[in-house]
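Observations on chain architecture
Residue-level listing of the chains:
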Amino acid sequence: MCGIVGYVGSREASPVILDGLQRLEYRGYDSAGIAVFADDTIHIRRDVGKLSNLRARVAASPLTGSVGIGHTRWATHGAVVEKNAHPHLSMNGDFVVVHNGIVENYLELREELTAKGIVFRSDTDSEVIAQLIERYAGDGAHGDVAEATRLAVRQLRGAHAIVVLSRRQPDRLVAVRIGNAGGVAVGVGEGEHFIASDVSAILDYTHRAAFLESRQMVIVHADRFAIQMLDGTAVSAHVQSLPYDPVSAAKGEYKHFMQKEIFEQARSITDTLGGRVDFEHSQIILPSLNLDPERARSLQRLVTVACGTSYYSALVGKFYIEKLARLNVEVDYGSEYRYRDPILDSDTAVLAITQSGETVDTLAAMEEAREKGALVWAIVNTIGSQAMRFADGHITMNAGPEIGVASTKAFTASVVDQYLLALYLGMLRGTLTPGELRAHARELAKLPDLIGRTLENEHTLRDLAGHIHEYTNFLYLGRGINYPIALEGALKLKEISYIHAEGYPAGEMKHGPIALIDAHMPVVAIALRDNVYDKMLSQVEQAKARNARVIALVTEGDTVISSKADDVIEVPACSPFLTPILSVIPLQLLAYHVAVRRGADVDQPRNLAKSVTVE
Ligand code: G6P
């Protein structure tokens, strides 16, 4: 997963940057690089594999200089080879860039720049940023790096965290944050400053930091820094003291890990997609699944087993896999599966979904599947976990460590993994045309930015929580691909705020739960503009007719449901396949803020455990 570190001061920059990158190693990555300015030139060292490879390279060919930037990469565009590792240099070598995020319109930009004679050296989307900055800076010694960066980032679609170093103004670094592709922290020292995507990277050097909000830029010198909005308006920096304890420090600007993990989702999904989608050739790359096309075609059935939040994720995945790969999917609880003497054979794949990779019931279901001759796969977050080691093939979530007991970013990552699996199976089984694959790849590329935009509504959820935190019962309704999101939304509320909440398929409301509805039972209705929109509209009417307070999740700009509901939460319009990934986010935030209002222990709710290793 991508990590960024920058330094400007009077020390040697390269050891500071390499140490910072090392601290980000927990995220895992496939290549790393560093750029340091000295003798009127930007010097770069990059290598694939572990950071130790880059360290060896720097040891063999040292870098001296007291301003520099570094990066650890999880490939999104372009293979894991040295030329694609960051930092990326502009054509004339005047600007160098490290980047987290996806430049959604990079193909267009690359074509435009190539037509103007710019020569690209990598296959990445990130290189266009360096080239654009150099173009905007123009020829000659002037060309302010901050100004050129401001103009360049206006051209970019998507969510980004970017740091720029210029040969023309080597006394400063410029960093930008747009959306939620990763944080940008500015570490404040004595006569020196640091930039990092995560403060844990710089804690050895400073315990004071400011954080960029979306659409802000910072210009960092050794002795000062200035934050501005992207339109140039000055912003007064709020420098915070960071706790000395590295675990608490890892919370950075957030009050709880759960809140941090909710906000990390734009970045974590970028990492989940990393290296798996060849956007240029519209291919899905999942070698760790160990699946050959012949076996993919012979599969008759997929059984997904999971517990808790991972189970609800599996219910979303069923939609993807059945629709795109035309493979019959059954979803079962890990704790139920082996007690039914399930029917399994070698034409069945059993897919375990587990954040921890250690949930005993899920592991037992995997063992049952192996004994009965099925192919065993796992979608896991924890690298090296039992489930990952046991499976015949796996897909990692790449969400980074999830510390809050209530799962959030692992949910969205595992849903995206199943979307990728569905596309991959569709590709191998011939149920998707190249054109269809391309269309899905394009939609996936938009996801980090859409998540970032959804997160921008946090204040609405915080305010709403202030009004509803005293109710004692909630009903969550959804249909189709968003029915599992109703289940997950209700589970989140139960887990951390201890309020009774039921998730229900909206069409079933009239067969029972409607008897419960009155003014004391708010109804959360997921009513996005999709193929079941009209049906959801009638369910909202039915709940309203019984005096329920209706909280509606609607597609941005929908005035029809908004006029009927008491409270409205908007999510950006997107392809139907992406809706569950966006609609779950406001429900995570709602549960979080309700729990905070009730004074609950958000990260360690009573009676629950992060990983359940008992039956
Ligand atoms: C526990 C956690 C849940 C999680 C479930 C499954 O109950 O509290 O958040 O969803 O286990 O965990 P897994 O690691 O297998 O996804």
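Coordinates for the structure precede this section.
Below, the structure is looked at part by part. (Residues numbered from 1 in each chain as written. Predicted model: local features only at pLDDT ≥ 70, side-chain atom pairs only at ≥ 80, totals over all residues. Heavy atoms only, no water.)

**Quick word on the overall build of the protein chain**
Test applied: Every helix listed is a DSSP run of H or I at least four residues long, and every strand listed is a run of E at least two residues long, numbered separately from the N terminus. Contact criterion: two residues are considered in contact whenever any of their non-hydrogen atoms come within 4.5 Å of each other. Throughout, the Shrake-Rupley method with a 1.4 Å probe supplies accessible areas, and for residues the shown protein chains are the sole cover considered. Under this rule, positive means Lys or Arg and negative means Asp or Glu; His and the chain ends count for nothing. Where a charge lies is defined by one atom per residue type, namely NZ (Lys), CZ (Arg), CG (Asp) and CD (Glu).
Looking only at helices and strands, the protein chain has 20 helices and 27 strands in total. Projected onto its principal axes, the C-alpha positions of the protein chain cover 75 × 55 × 45 Å. Pairs at least 24 apart in sequence give 72% of the contacts found in the protein chain among residues at least 6 apart. When the accessible surface of the protein chain is totalled, it reaches about 22,300 Å², and 49% of it is carbon and sulfur. Of the charged side chains in the protein chain, 61 are positive and 75 negative, and the gap between their average positions amounts to 2 Å.

**Thoughts on the site of the ligand**
For clarity, the threshold we go by: Each residue is tested against the molecule or strand, and it is near if at least one of its non-hydrogen atoms lies within 4 Å. N or O atoms closer than or at 3.5 Å make up a polar contact, with two conditions inside protein: a donor-capable atom paired with an acceptor-capable one, and, for residues adjacent in sequence, both atoms drawn from side chains.
Taken together, 14 residues sit near the ligand, with Ser 310, Thr 354, Gln 355, Ser 356 and Thr 359 positioned nearest. Here an oxygen atom of the ligand and a side-chain polar atom of Thr 359 are 2.5 Å apart. Between an oxygen atom of the ligand and a main-chain N or O atom of Val 405, the distance comes to 3.1 Å. For the ligand, whose free accessible area comes to 380 Å², the fraction covered by protein is 91%.

**Regarding the sheet that holds strand S19 (residues 328-333)**
Paired through their backbone hydrogen bonds, the strands of a sheet run either parallel or antiparallel. For clarity, the threshold we go by: In this description, strands pair whenever DSSP reports at least two bridges between them. Axis angles are defined between N-to-C directions and span 0 to 180 degrees, where every axis is a line fitted to C-alpha atoms and, for a helix, only to the segment in contact.
Taking strand neighbours across the sheet as the criterion, the five strands line up as S19-S18-S20-S21-S22 in an open arrangement whose pairing is parallel. Two strands close off the open sheet at either side, each with one partner strand: S19 and strand S22 (393-396). Within the sheet, the average angular offset between the axes of one strand and its neighbour, ignoring direction, is 20 degrees. Summarising the sheet, strand S18 (residues 301-306) and S19 pair through six bridges and their orientation is parallel. The residue bridging Arg 301 from the neighbouring strand is Asn 328, located in S19. Across the sheet, helix H10 (residues 308-325) touches S18, S19 and strand S20 (348-354), and the angle it forms with S19 is around 175 degrees. Against the sheet, helix H14 (residues 409-429) touches S20, strand S21 (375-380) and S22, its axis set at about 140 degrees to S21.

**Structural notes on the side chain of Arg 177**
Quick reminder of the rule: Each residue's exposure class comes from its accessible area (1.4 Å probe, protein chains only) as a fraction of the maximum for that residue type: buried when under 20%, exposed when over 50%, partly exposed otherwise. In what follows, salt bridge is the name for a side-chain nitrogen of Lys or Arg lying within 4 Å of a carboxyl oxygen of Asp or Glu.
Tracing the chain through its elements places Arg 177 in strand S8 (residues 172-178). The buried charged residue Arg 177 lacks any salt bridge partner; its closest oppositely charged side chain belongs to Glu 253, at an N-O distance of 4.3 Å. Here Leu 212 takes part through its backbone oxygen, which lies 2.9 Å from a polar atom of the side chain of Arg 177.

**Overview of the environment of Val 523**
Looking at the secondary structure, you find Val 523 in strand S25 (residues 523-526). Residue classification places Val 523 among the buried positions, given a relative accessible area of 1%. Through-space distance from the C-alpha of Val 523 to that of Val 550 is 4.9 Å; in sequence the pair is 27 residues apart. Residue contacts for Val 523: discarding those within four places in its chain leaves Leu 475, Leu 477, Ile 517, Ala 543, Ala 548, Arg 549, Val 550 and Ile 551.

**With respect to the pattern of salt bridges**
Evaluated as defined, the whole model comprises 33 salt bridges. The partner of Glu 264 in a salt bridge is Lys 260, and the shortest N-O contact between them spans 3.0 Å. Residue Glu 264 shares its accessibility class with Lys 260, and that shared class is buried. Among the salt bridges present, the one from Arg 301 reaches Glu 330, with a minimum N-O distance of 2.8 Å. Of this pair, Arg 301 sits in strand S18 while Glu 330 sits in strand S19, and the two are 29 residues apart along the sequence.

**Topic: unusual backbone geometry**
Following His 86, the chain continues to Pro 87 via a peptide bond in cis, the omega torsion being 0 degrees. Phi at Asn 547 takes a positive value of approximately 70 degrees, unusual for a residue other than glycine. Inspection of the secondary structure puts Asn 547 in the loop between helix H18 (533-545) and strand S26 (550-555). Assessed through its relative accessible area of 55%, Asn 547 is described here as exposed.

**Some remarks on the pairing of S8**
Burial within S8 is extensive, with seven of its seven residues counted as buried. Of the two faces of S8, both are covered, the one formed by Arg 172, Val 174, Val 176 and Ile 178 as well as the one formed by Leu 173, Ala 175 and Arg 177. One ladder, built from six bridges, connects strand S7 (residues 160-166) with S8; its direction is antiparallel. When the bridges of S8 are listed, Leu 165 appears paired with Leu 173. In this antiparallel pair of consecutive strands, S7 and S8, the connection spans five residues.

**Re the packing of aromatic side chains**
Applicable threshold: Ring pairs are drawn from Phe, Tyr and Trp, using the six-membered ring of Trp, whenever the two centres fall within 6.5 Å, and their geometry is named by plane angle: stacked under 30 degrees, edge-to-face over 60, tilted for the rest. Consider the ring centre and the ring normal. A charge sits over the ring if Lys NZ or Arg CZ is within 6 Å of that centre and within 35 degrees of that normal.
Within this structure, the stated rule accounts for 10 aromatic pairs. When the ring of Tyr 311 is compared with that of Tyr 312, the centres are 5.8 Å apart and the planes differ by 65 degrees; the resulting orientation is edge-to-face. Tyr 311 gets classed as buried once you look at its relative accessible area, which sits at 12%. With a relative accessible area of 12%, Tyr 312 lands in the buried category. A ring pair is formed by Tyr 419 and Phe 577, whose centres lie 5.7 Å apart and whose planes are at 20 degrees; its orientation type is stacked. A residue pair is termed long-range when its members are at least 10 positions apart, and Tyr 419 in helix H14 and Phe 577 in the loop between strand S27 (567-571) and helix H20 (579-597) qualify at 158 residues. Per residue, the accessibility class of Tyr 419 equals that of Phe 577, and both read buried. Of note, Arg 370 hangs over the ring of Phe 390, and the distance from its end group to the ring centre comes to 4.3 Å.

**Quick word on the sheet that holds S26**
The sheet built from five strands is open, its strands ordered S24-S23-S25-S26-S27 with parallel pairing. Every interior strand has two partners, whereas the edge strands, strand S24 (500-505) and S27, have only one. Here the strands of the sheet are splayed against their neighbours by 20 degrees on average, with no regard to which way each runs. Relative to S27, S26 runs parallel, the two sharing five bridges. Within S27, the residue paired with Leu 553 across the bridge is Ile 569. Each of strand S23 (473-478), S24 and S25 is contacted by helix H17 (residues 483-497), which is oriented at about 175 degrees to S24, the strand it contacts most. Where H20 meets the sheet, its contacts fall on S23, S25, S26 and S27, and the angle it forms with S27 comes to roughly 135 degrees.

**Side note on the nonpolar core**
Note the following rule: Buried Ala, Val, Leu, Ile, Met, Phe, Trp, Tyr and Cys residues form a nonpolar core when they are joined through side-chain atoms within 4.5 Å.
Trp 377, Phe 474 and Tyr 476 are the most contacted members of the largest nonpolar core, which totals 101 residues. Among the elements that make up this core, the one with the highest residue count is H14 (13 residues). Counting 28 residues, the second-largest nonpolar core is a separate cluster that includes Tyr 106, Leu 109, Ile 118 and Ala 130.

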